[in-house]
Amino acid sequence: MIADLPIDLQGERLLLTDELAVYWPARSLLLLADWHLGKSDVFGRRGIPIPEGSTAADLERLTALCGQYAVRQVLVLGDLMHAPPSAHDRWPLELAHWLTQHDVAFCVVAGNHDRISEQQLPSALVGRVEWHAAHLDIGPFRLCHEPEPDPNRYVLAGHLHPTRRIVTQGDRLRAPAFWFRRQYGVLPAFGSFTGGMNIKPARDDRVFIAGPGAVAEVR
């Protein structure tokens, strides 16, 4: 069972999940950011051997999210991929196979690592992925990759891979974090093979850390 924590933002109810995605019930929309698919392939081509299998594990997490919530659309807030794929990369076929098995729309707002156009998508994903080069406006939100304030809408973004360090009685913990500021909110990186940036929230920011089985607000 996926754990979640509801918050109200701009008059909308959102569910922050321990699988590092946000579910928007009113739109049946699942938001995630910074998947960085193919990162292991990129490192392998550079002669750096690293463990494989992260794509399959992440797709299992996505399956669980779609199974628990009434998801009709998945929207990636940038950095779907780590780099433009080569002909030998496996992740486009793995994602395409997942899409054939699930009745959901799949959309991407391109990030700085998504250095291709919709016309350059791997053939397995052509017609299966809706590609937005800049941003997407839905309801009160501007959905994009980099958290840059917008004068008309609250921004939901990724890019920063936020984490929060907690220190208590000599114990230390660094956990993925959802970070909500006055003009924008930042989702944690969804990909299991990604790094993180320790954030330093301002007094009025809201920060929620996520771990197996729980999402909790920290002050």
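Residues numbered from 1 in each chain as written. Predicted model: local features only at pLDDT ≥ 70, side-chain atom pairs only at ≥ 80, totals over all residues. Heavy atoms only, no water.

(A) How the structure looks around the packing of helix H2 (residues 54–68) against helix H3 (residues 91–101). Two numbers describe how H2 lies on H3: the axes approach to 11 Å, and their chain directions differ by 20°. When the axis of H2 is compared with that of H3, the two are roughly parallel. Crossing angle aside, the handedness with which H2 passes H3 is right-handed. For the pair formed by H2 and H3, the contact residues are Thr55, Ala56, Leu59, Leu62, Thr63 and Cys66 on the first element and Trp91, Glu94, Leu95 and Trp98 on the second. (Axes fitted to C-alpha atoms, helices over the stretch in contact; angles between N-to-C directions. Helix = DSSP H or I, 4+ residues; strand = E, 2+ residues; numbered from the N terminus. Parallel < 35°, antiparallel > 145°, perpendicular 65-115°, else oblique. Left-handed = near helix turned anticlockwise from the far one by under 90°. Contact = heavy atoms within 4.5 Å.)

(B) Highlighting the pairing of strand E5 (residues 73–76). Pairing analysis gives 4 bridges linking strand E4 (residues 29–32) to E5, with the strands arranged parallel. Its bridge partner being in E5, Leu30 is matched across the sheet by Val74. Pairing analysis gives 4 bridges linking E5 to strand E6 (residues 105–109), with the strands arranged parallel. Within E6, the position partnered with Val76 by the bridge is Val108. For the crossover that starts at E5, traverses H3 and ends in the parallel E6, the hand is right-handed. (Pairing = 2+ DSSP bridges. Right-handed = clockwise from strand over helix to strand, strands pointing away.)

(C) Quick peek at the pairing of strand E16 (residues 214–218). With 5 bridges connecting them, strand E15 (residues 206–211) and E16 associate as antiparallel partners. Pairing of Ala210 across the sheet is with Val215, part of E16. Hairpin connection, E15 to E16: the antiparallel pair is bridged by 2 residues, and Gly213 has positive phi, about 85°.

(D) Representation of the packing of aromatic side chains. Applying the stated criterion across every chain, the model contains 5 aromatic pairs. Centre to centre, the rings of Trp24 and Phe141 are 5.1 Å apart; their planes meet at 80°, and the pair counts as edge-to-face. With Trp24 in strand E3 (residues 22–24) and Phe141 in strand E9 (residues 141–143), this pair connects stretches of sequence that are 117 residues apart. Per residue, the accessibility class of Trp24 equals that of Phe141, and both read buried. Both rings, one in Phe141 and one in Tyr154, keep their centres 6.4 Å apart while their planes meet at 75°; by these two values the pair is edge-to-face. With a gap of 13 residues between them, Phe141 in strand E9 and Tyr154 in strand E10 (residues 154–157) connect regions that are remote in the sequence. The class for Tyr154 is buried, based on a relative accessible area of 4%. Taken together through their ring pairs, the aromatic side chains of Trp24, Phe141 and Tyr154 make up a single cluster. Over the ring of Phe190 we find Arg61, and its NZ or CZ is 4.0 Å from the ring centre. (Phe/Tyr/Trp six-rings, centres within 6.5 Å; stacked < 30°, edge-to-face > 60°. Buried < 20%, exposed > 50% of the residue type's maximum accessible area, 1.4 Å probe, protein only. Lys NZ or Arg CZ within 6 Å of the ring centre and 35° of its normal.)

(E) Region of the structure containing the sheet that holds E3. The 7 strands are arranged E1-E2-E3-E4-E5-E6-E7 in an open sheet whose pairing can be described as mixed. Edge positions in the sheet fall to strand E1 (4–9) and strand E7 (129–132), since each of these pairs with one other strand and no more. Averaged over all neighbouring strand pairs, the angle between strand axes comes to 25°, with direction disregarded. In this fold H2 packs onto E1, strand E2 (12–17), E4 and E5, with an angle of close to 150° to the strand it touches most, E4.

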